[in-house]
Structure formats: structure tokens, C-alpha cells
Amino acid sequence: MKVFINKIIPEIGFKLLEEAGIQYTVWKEKPILDRGQAIQFCKGHDAFLSVGQAGLDADFFKECKHLKVVALHSVGFDGVDIKAATANGIPIGNTPNVLNKATAETALLLMLTVARKALFLHNKIKKGQWGVSQPTQDLGFDLAGKTLGIVGLGRIGTELAKICTRSWGMKILYHNRSANAQAEKEFGAKLVSMDELLTSSDVVSVHTALTSETKGMFGMEQFKKMKSSAIFINTARGGVHKEDELIEALKKQVIWGAGLDVTNPEPMSKFLTANSIASSKDNSLLEMDNAVVFPHIGSATKETRDKMSTCAVENIIAGLNGDPLPYPVNPEVQQGR
Ligand code: DGY
């Protein structure tokens, strides 16, 4: 049994594969593989451990219907045509739960960085502009006691809410399809309409999956409803906000600031091609004093990436053995196997 891996995963993943007696081929080169090359590699293997979700569309699954399992090295699967995978009888696995804390920490880091103008001030020092500081100059704002509006209070949003209520005494408003009774009981989170969340929050943080319902859900209309002193944080998916409208809202100071771990597209660029990691210099978000952008580092800690690798390999091993995946996205496939 052979698995194809399209990027270099943490060592623990390779070790687990070796212990299970599974051979693997790893694509270690830059640039990354294009879809056609990935299909060719998959044709010579029994399973695919996919870092990133690019190209996992209906054609891919049609071409690679021999695969016994596709294990994603991510919790998100918005880029994968799950219906097509299921139709071709291919189980898909992901890495849930293990990145909740790391992603919540990333949202918190963005909140603090924007609220305290940290990156702007760091850059000011680098430009030799420390100068004489006046007590009224370059002021940020306290997060303590403020209101945090969470859009999508699931596993990651809950971790963020815990930190913010317990350490900063922040109040939590949330907007979900269904109520989160546990969060309401544990830290007094209040389920509100989207409008109330937007108008009442000092920080709005997005933790929803990218679906046809959430695509582009944050645009100028929503930013205009937010307080002009409020911050927008997105660590979920870039497709949830309309980037050009966010840029306009920041330029016109419709909102106070934004912190993004995800952009649309990724990497940020007007000139992305299938086979290149293009420059990210051509995006005005990077020129703004009130915006902070990270290159999708939500899960990028040693501990979390080790756990993600472990989950992905556990999915591969189970799939190759014809067993139900421990972390299935389309469990209905396994029931029929
Ligand atoms: C995920 O797992 O979906 C993250 O966004 C990738 O780091």
C-alpha cells in the first residue's frame, strides 16, 4: 500500500506511516504541484494525504476513483467536492479539534495587535520614527470589559470566548444557526441577530466555515453597521469577507481596524498562477496602518501541526485497511464499504 503526500508534513506523520508498514512518496519541491501532476502521482498510489485542498474537484475524484482514502491535513474541507468524493466511494478525512486552541490564540493575537496598533508602532520604530511620544499619541484601546461578537460559536469560537471572558471579562454576543446552550451557561454568551451583533460589538470575530451561505457575508453593508471604533477579525476563510469592500471600509475609516489570518485569494495576489507562489506585495491591506495580515498561520504551532499530522495518518491507515476513518468528513461512504 502506497500513499502520496503533496507537501512535507511533520516527522511524526512519516514515523507513524513507517510503523504501519505503509510506503510513501512525498513531493518536496517548490513550486507546489499543479492539479494534473497531483492526479498523475495519485494514479500510482492507493491513498492521498493532501496538504491544502486545491484541485480536489469532481474531475479529480473521477480520475482517481481507485483511491481508498483522501486524508486532508486540515480541519476545513470547503475546497473539496465532498459530494463527488462520496459518489465515487472515496472516504475523506480531516483533522478536527486539534487546532481549536492554536486558532483561537491567533484570533486573540490579531485582536491585540490591531487594538494596540502593535504592528504599526513596530514599523514606526523600524523607520526611525520613535521620536518624542506624547501621552495622546498613537493610542489603542482596552479589550478588557468590551464586547466580543462571535460569528459561528463552534469549537474555535468557544476557545476564544473562554479566553476573553475569563482573562479580560469581555462580554460575548454570538450569531449561530442554533443556540449554544453550553456557552450560554458557561460564560454568559448571548445569542443575537446578526444586526445586533454588528451594531453592539467592539470586536467582531469570524469562526464560521466557508459555505454558499457564508460566502461574502461581510461586505460594506455589514461594515457600515459596525461601530466606527470596532475591529473585524477573520481567522476562518478569506471567502467569508469581500476583500475589496473591506479595504474600502478601512480606507474610509468605516471601521477602526481589521486583523486577517485568511485572505481571498491566498497567497494575496492579483497574479496567482497554478504553479507559482506569487508576490503578496500588490495588496493595499499591506500598506494600511489599521490592518494586520498573517499568512494563514492559525494552526501553525509545532504541537498543533504534529497532532494534525497524526490525525491525517490515522485516517490514511484506517482507510487503507478498509476501516471507518477516525475523523471522517463523509462517514456515509464507510458504512457502505
Ligand atoms: C484548517 O485546518 O482548515 C486550517 O485553516 C488550516 O491551517
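Keep in mind that this is a model prediction, so the values were computed, not measured. (Residues numbered from 1 in each chain as written. Predicted model: local features only at pLDDT ≥ 70, side-chain atom pairs only at ≥ 80, totals over all residues. Heavy atoms only, no water.)

The next point concerns the site of the ligand. Residues in contact with the ligand, as listed here, are Ser74, Val75, Gly76, Leu99, Arg237, His296, Ser299 and Met308. Here an oxygen atom of the ligand sits 2.8 Å away from a polar atom, N or O, in the main chain of glycine 76. Side-chain polar atom of serine 299 to an oxygen atom of the ligand: 2.9 Å apart, as the coordinates give it. Protein burial of the ligand: of its 230 Å² of free accessible surface, 85% is covered by the chains. Tallied by class, residues from the shell around the ligand come to three nonpolar, four polar and one charged. (Near = heavy atom within 4 Å. Polar contact = N/O pair within 3.5 Å; in protein donor to acceptor, adjacent residues only side chain to side chain. Areas by Shrake-Rupley, 256 points an atom, 1.4 Å probe, with all protein chains shown as cover. Nonpolar A, V, L, I, M, F, W, Y, C, P; charged D, E, K, R; others polar.)

The strand order across the open sheet formed by seven strands is β8-β7-β6-β9-β10-β11-β12, and the pairing between neighbours is parallel. This sheet does not close on itself; its edge strands, each paired only once, are β8 (190–191) and β12 (291–293). Bridge count between strand β6 (residues 147–151) and strand β9 (residues 203–206): four bridges; the pairing is parallel. Bridging across to β9, leucine 148 finds its partner in valine 203. Strands in contact with helix α5 (residues 100–115) are β6, β9, β10 (231–234), β11 (257–260) and β12; relative to β10, the strand with the most contacts, it is inclined by about 150°. Relative to the sheet, helix α11 (residues 243–251) contacts β10, β11 and β12, its axis offset from that of β11 by approximately 145°. (Pairing = 2+ DSSP bridges. Helix = DSSP H or I, 4+ residues; strand = E, 2+ residues; numbered from the N terminus. Contact = heavy atoms within 4.5 Å. Axes fitted to C-alpha atoms, helices over the stretch in contact; angles between N-to-C directions.)

Another aspect to go through is the state of the cysteines. Note on terminology: disulfide describes a covalent bond linking the sulfur atoms of two cysteines. In the structure shown here, the tally under the stated rule is zero disulfides. The closest cysteine sulfur to the non-disulfide-bonded cysteine 42 is located on cysteine 64, 4.8 Å from its own sulfur. (Disulfide = S-S within 2.5 Å.)

So, on to the nonpolar core. Membership of the largest hydrophobic core comes to 28 residues, with the highest contact counts inside it found for Phe218, Phe223, Met226, Phe232, Leu246, Leu250 and Leu285. Excluding residues within four positions of it along the chain, methionine 226 makes contact with Leu198, Val204, Ile231, Phe232, Val254 and Ile255. If you look at the next biggest cluster of nonpolar residues, it comprises 26 residues, including Ala107, Leu108, Leu160 and Ala189. (Core = buried A, V, L, I, M, F, W, Y, C linked by side-chain atoms within 4.5 Å. Buried < 20%, exposed > 50% of the residue type's maximum accessible area, 1.4 Å probe, protein only.)

Turning next to the pattern of salt bridges. Summed over all chains, the structure comprises 15 salt bridges. Residue aspartate 202 pairs with lysine 227 through a salt bridge whose shortest N-O separation is 2.8 Å. Highlighted residues: aspartate 202 in the loop between α9 (194–200) and β9 and lysine 227 in the loop between α10 (220–225) and β10, separated in sequence by 25 residues. Under the relative-accessibility criterion, aspartate 202 is labelled buried at 10%. Between lysine 252 and glutamate 248 there is a salt bridge whose closest N-O contact spans 2.6 Å. By relative accessible area, which is 55% here, lysine 252 ends up exposed. Three or more residues are tied together by salt bridges with common partners; here these are Lys101, Glu159 and Lys162. (Salt bridge = Lys/Arg side-chain N within 4 Å of Asp/Glu carboxyl O.)

Looking now at the packing of aromatic side chains. Using the criterion set out here, one finds ten aromatic pairs in the structure. The interplanar angle of 15° and the centroid separation of 5.7 Å between the aromatic rings of phenylalanine 4 and phenylalanine 48 together place this pair among those described as stacked. Residue phenylalanine 4 is found in strand β1 (residues 2–5), and its partner phenylalanine 48 is found in strand β3 (residues 47–50); the two are separated by 44 residues along the sequence. With respect to burial, phenylalanine 4 and phenylalanine 48 carry one shared label: buried. Each ring, one from phenylalanine 223 and one from phenylalanine 232, has its centre 5.2 Å from the other, and the planes form 80°; the classification is edge-to-face. (Phe/Tyr/Trp six-rings, centres within 6.5 Å; stacked < 30°, edge-to-face > 60°.)

Two numbers describe how α5 lies on helix α7 (residues 155–168): the axes approach to 8 Å, and their chain directions differ by 55°. Between α5 and α7, the angle falls in the class oblique. Considering the relative orientation of α5 and α7, their crossing is right-handed. Residue-level inspection shows Asn100, Lys101, Thr103, Ala104, Ala107, Leu108, Met111 and Leu112 of α5 in contact with α7, the latter providing Arg155, Ile156, Glu159, Leu160, Ile163, Cys164 and Trp168. (Parallel < 35°, antiparallel > 145°, perpendicular 65-115°, else oblique. Left-handed = near helix turned anticlockwise from the far one by under 90°.)

Turning our attention to the environment of isoleucine 32. Looking at where isoleucine 32 falls in the secondary structure, it is placed in the loop between β2 (23–26) and α2 (35–43). Residue isoleucine 32 is classed as partly exposed on the basis of its relative accessible area, which comes to 32%. A C-alpha to C-alpha distance of 13 Å links isoleucine 32 and proline 267, two positions 235 residues apart in sequence.

Another point: unusual backbone geometry. Along the chain, asparagine 264 connects to proline 265 via a cis peptide bond; the corresponding omega equals 5°. Among the secondary structure elements, proline 265 is positioned in the loop between β11 and β12. In the segment running from glutamate 266 into proline 267, the intervening peptide bond is cis, with an omega of -10°. In this fold, proline 267 is placed in the loop between β11 and β12. Phi angles above zero are rare outside glycine, and glutamine 253 is one such case at about 55°. Along the polypeptide, glutamine 253 turns up in the loop between α11 and β11. On the basis of relative accessibility, which here comes to 60%, the residue glutamine 253 falls in the exposed class. Positive phi is not limited to glycine here, since histidine 296 has a value of about 55°.

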